[in-house]
Amino acid sequence: MADTVIPAAVLRNLSDKLYEKRKNAALEIEGIVKSLAAAGDHEKISAVINLLTTEFICSPQAHHRKGGLIGLAAATVGLTTEAAQHLEQIVKPVLGAFGDQDSRVRYYACEALYNIAKVVRGDFIIFFNKIFDALCKLSADSDANVQSAAHLLDRLVKDIVTDSDQFSIEEFIPLLRERMNVLNPYVRQFLVGWITVLDSVPEIDMLGFLPDFLDGLFNMLSDSSHEIRQQADSALSEFLQEIKNSPSVDYGRMAEILVQRAASPDEFTRLTAITWINEFVKLGGDQLVPYYADILGAILPCISDKEEKIRVVARETNEELRAIRADPTAGFDVRAILFIAKRQLSTEWEATRIEALHWISTLLNRHRSEVLSFLNKIFDTLLEALSDPSDEVVLLVLEVHACIAKDLQHFHELLVFLVHNFRIDHSLLEKRGALIIRRLCVLLDAERVYRELSTILEGEADLDFASIMVQALNLILLTSSELAELRYLLKQSLVNSAGKDLFVSLYASWCHSPEAIISLCLLAQTYQHASTVIQSLVEEDINVRFLVQLDKLIRLLETPIFTYLRLQLLEPGRYTWLLKALNGLLMLLPQQSTAFKILRTRLKTVPSYSFSGDQVEQTSSGNTYSQILHHIPSGSQISEDGDVNQDVGTSNSHNGINFTTRLHQFEQKQKQHRVHAKAQAKSRKISTSSSKVN
């Protein structure tokens, strides 16, 4: 039937290799179809379209296919307003030609569809998804002419869509989502262009579907093409502005995407993601509560980012997030946030570790019971953090520990674990011991800390470690400004029950070190006992380690902390046992040592007289002790320096302190150390002998 409608010559020219002949043939077909449409003969029109499809577009000859495409476009122009009822029959073969292996055929397919679209306009929308799919592929076509033709068609389709009320965004979004992660730069430009155009249409709610393609847009921010990055950034900026102005936004789904993108290796992507998160934290409110842990996990690493802009935004976001007081009943997951903070304590970045500790501290203050219920999951990590190379981190860790240790049980556990850490890592004790102990004394009360440590160390099985630990604690006690009140209390040991109790408490563990005991006695002004302890030392006690510690003590005696002791030397008659103790120390020191010279010089300054009431009794500088003792009233004995008592009992007790028992305690502990030292020496000897034999 179509053969009789269209002359053979026209059909012949339609497949000619010359474009002009094909064009003229198409004009003939346009006129024929226009006449058929005017007559209402749609059956013949359908036959013409079918002929163009089967005999031309489906032909193996490229010129036939080109002619068929031009013919279909011409037929559509001829149909004008009648084209809608034949549109599916026309459009389907044209879309098929978009995949033709001949680039010129693809070019004519674009041209044909362009002309068809100009005629049918809004009726074209029913084929939108298929056309979009075809255009998406053609935007990356290998032939520049095809790309150019596709761009022209694309602009026309955008115009039609923006003017149409039949476009379905719901049907389009799945198609867009499928293609958002392609890497081809031409396709990316094509997609961003469509997103931007559709978002500009007030009747189309692209913001509501933003979570479906947001990740793809962020992916484009790291494209190698500056133009694509710029287009993606522009689209994202526009959407963020819309979010700020919108009363209803699905923050949750987008927050998940942003969290992932905040860890992108691309700097610009990270900055954009963290900027979005910052706005979400300000705007999201209750919607974001279930996502706080994920958001925090994204923010904390960015606080240490190499890019300053990212660091600034991350810190601001972190402060915003911490300022929000969310409740676990509203979905605030304390456990998840706690574990995020715990994980970040192991990061290499100091600033991030610091903020992680601030978060743990914040959670402890606001949700103490919940945090403590998970304590066994984070406690080891917190203890390991005490070895952190950063002093600031260590101080913050101690604040967290102190907050936990407000409970008696946790207080004991903290100090037990702390002693354990010092035992297995002596370098921690050496490098950080003073910092840790001093800070804990400030945060948890110095007396409480020292009493507990003394109790723990009293039964310490590792005697070498116990001695080292006690010496460290003793040095901190004697030198730290934070322990001034503790020193003052110990000075009152002979006249104050609280001082006495503290002295007795520390004495039990200080027995691990002769130097520490002597220091403690000098501090507590129990000078007679100090002298007795010095006299009780045996040959094995006087080793290099002892002399090193004794050297430190002699130097400390010259510091402001022992000013009171040096002033007491002005009254040698009253402080006989102090003189005897110091001379005892002098006798233990090698004569050529610096410490010997320092102490001897100090003792030479002691005046050769004593005060007895208003009378000044001059004594021989060569017989100080006998002369001083000569001026003490008969029938009196000196129990401790500065306090002359009548009828002192045989228990050598003063203010409830049984010094005889204390001395026995010290001697027993030192005996254990000597036995231990001999066993170690024997073991080393056997080990050396075995190695020589082998």
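Keep in mind that what you see is a predicted model, and the values were worked out from it rather than measured.

**Things to note about the nonpolar core**
In step 1: Ranked by internal contacts, the top residues of the largest apolar core, which has 238 residues, are Phe 213, Trp 276 and Tyr 450.
In step 2: Filtering out sequence-adjacent residues up to four positions away, Tyr 450 remains in contact with Ile 437, Cys 441, Leu 473, Ile 476, Leu 477, Leu 483, Leu 486, Leu 506 and Trp 510.

**Here's the deal with the UniProt feature "domain: Vacuolar protein 14 C-terminal Fig4-binding" (unreviewed entry) in the protein chain**
In step 1: Here, the residues flagged by UniProt with the feature "domain: Vacuolar protein 14 C-terminal Fig4-binding" (unreviewed entry) are residues 427–606.
In step 2: The straight-line gap between the two end C-alpha atoms of residues 427–606 is 41 Å; of that span, 74% is helix and 0% is strand.

**As for unusual backbone geometry**
In step 1: Its identity is not glycine, yet Thr 80 carries a phi of approximately 45°, on the positive side.
In step 2: Along the polypeptide, Thr 80 turns up in the loop between helix 5 (62–79) and helix 6 (87–97).
In step 3: We note that Arg 121 has phi near 50°; this positive angle belongs to a residue other than glycine.

**Considerations on the pattern of salt bridges**
In step 1: Taken as a whole and assessed by the stated rule, the structure comprises 30 salt bridges.
In step 2: When the shortest N-O distance is used, the salt bridge between Lys 244 and Glu 279 registers 3.6 Å. Placement of Lys 244 in helix 13 (residues 226–245) and of Glu 279 in helix 15 (residues 267–284) is noted, with a sequence separation of 35 residues between them.
In step 3: A residue is classified by how much of its surface remains accessible, and Glu 279, at 17% relative accessible area, is buried.
In step 4: Close ionic contact of Arg 423 with Glu 460 constitutes a salt bridge, the shortest N to O distance being 2.8 Å. Here Arg 423 is found in helix 23 (residues 408–424), whereas its partner Glu 460 is found in the loop between helix 25 (446–458) and helix 26 (463–479), with 37 residues between them in sequence.

**Digging into the packing of aromatic side chains**
In step 1: Following the criterion strictly, the structure yields 23 aromatic pairs and no others.
In step 2: Measuring from centroid to centroid gives 5.1 Å for Phe 132 and Phe 190, while their planes differ by 40°, and the two rings are tilted. Highlighted residues: Phe 132 in helix 8 (residues 128–138) and Phe 190 in helix 11 (residues 185–199), separated in sequence by 58 residues.
In step 3: Directly above the aromatic system of Phe 339 lies the positively charged group of Arg 335, at a separation of 4.5 Å from the ring centroid.
In step 4: Note that Arg 448 overlies the ring of Phe 411, its terminal NZ or CZ placed 3.8 Å from the centroid.

**Here's the deal with the side chain of His 673**
In step 1: Residue position: His 673 is located in helix 36 (residues 659–693).
In step 2: Apart from residues lying up to four places away in sequence, His 673 is in contact with Leu 463, Ser 467 and His 512.

**Comments concerning the side chain of Arg 179**
In step 1: Checked against the element boundaries, Arg 179 lands in helix 10 (residues 169–179).
In step 2: Overall, Arg 179 belongs to the buried group, its relative accessible area being 14%.
In step 3: With sequence-adjacent residues up to four places away left out, Arg 179 is seen in contact with Phe 132, Asp 133, Cys 136 and Leu 191.

**Re the packing of helix 16 (residues 292–302) against helix 18 (residues 334–344)**
In step 1: The contact between helix 16 and helix 18 brings their axes to 8 Å, and the two run at 20°. In terms of orientation, helix 16 lies roughly parallel with respect to helix 18. For helix 16 against helix 18, the interelement crossing comes out right-handed. The segment helix 16 lies against helix 18, with Tyr 292, Ala 293, Leu 296, Gly 297, Leu 300 and Pro 301 engaging Ala 336, Ile 337, Ile 340 and Gln 344.
In step 2: Looking at the contact of helix 16 with helix 18, its residues break down into 8 nonpolar, 2 polar and no charged.

Reading the values: rules and limits
- Residues numbered from 1 in each chain as written.
- Predicted model: local features only at pLDDT ≥ 70, side-chain atom pairs only at ≥ 80, totals over all residues.
- Heavy atoms only, no water.
- Core = buried A, V, L, I, M, F, W, Y, C linked by side-chain atoms within 4.5 Å.
- Buried < 20%, exposed > 50% of the residue type's maximum accessible area, 1.4 Å probe, protein only.
- Contact = heavy atoms within 4.5 Å.
- UniProt positions renumbered as here; feature names shortened; annotations may be inferred.
- Helix = DSSP H or I, 4+ residues; strand = E, 2+ residues; numbered from the N terminus.
- Salt bridge = Lys/Arg side-chain N within 4 Å of Asp/Glu carboxyl O.
- Phe/Tyr/Trp six-rings, centres within 6.5 Å; stacked < 30°, edge-to-face > 60°.
- Lys NZ or Arg CZ within 6 Å of the ring centre and 35° of its normal.
- Axes fitted to C-alpha atoms, helices over the stretch in contact; angles between N-to-C directions.
- Parallel < 35°, antiparallel > 145°, perpendicular 65-115°, else oblique.
- Left-handed = near helix turned anticlockwise from the far one by under 90°.
- Nonpolar A, V, L, I, M, F, W, Y, C, P; charged D, E, K, R; others polar.

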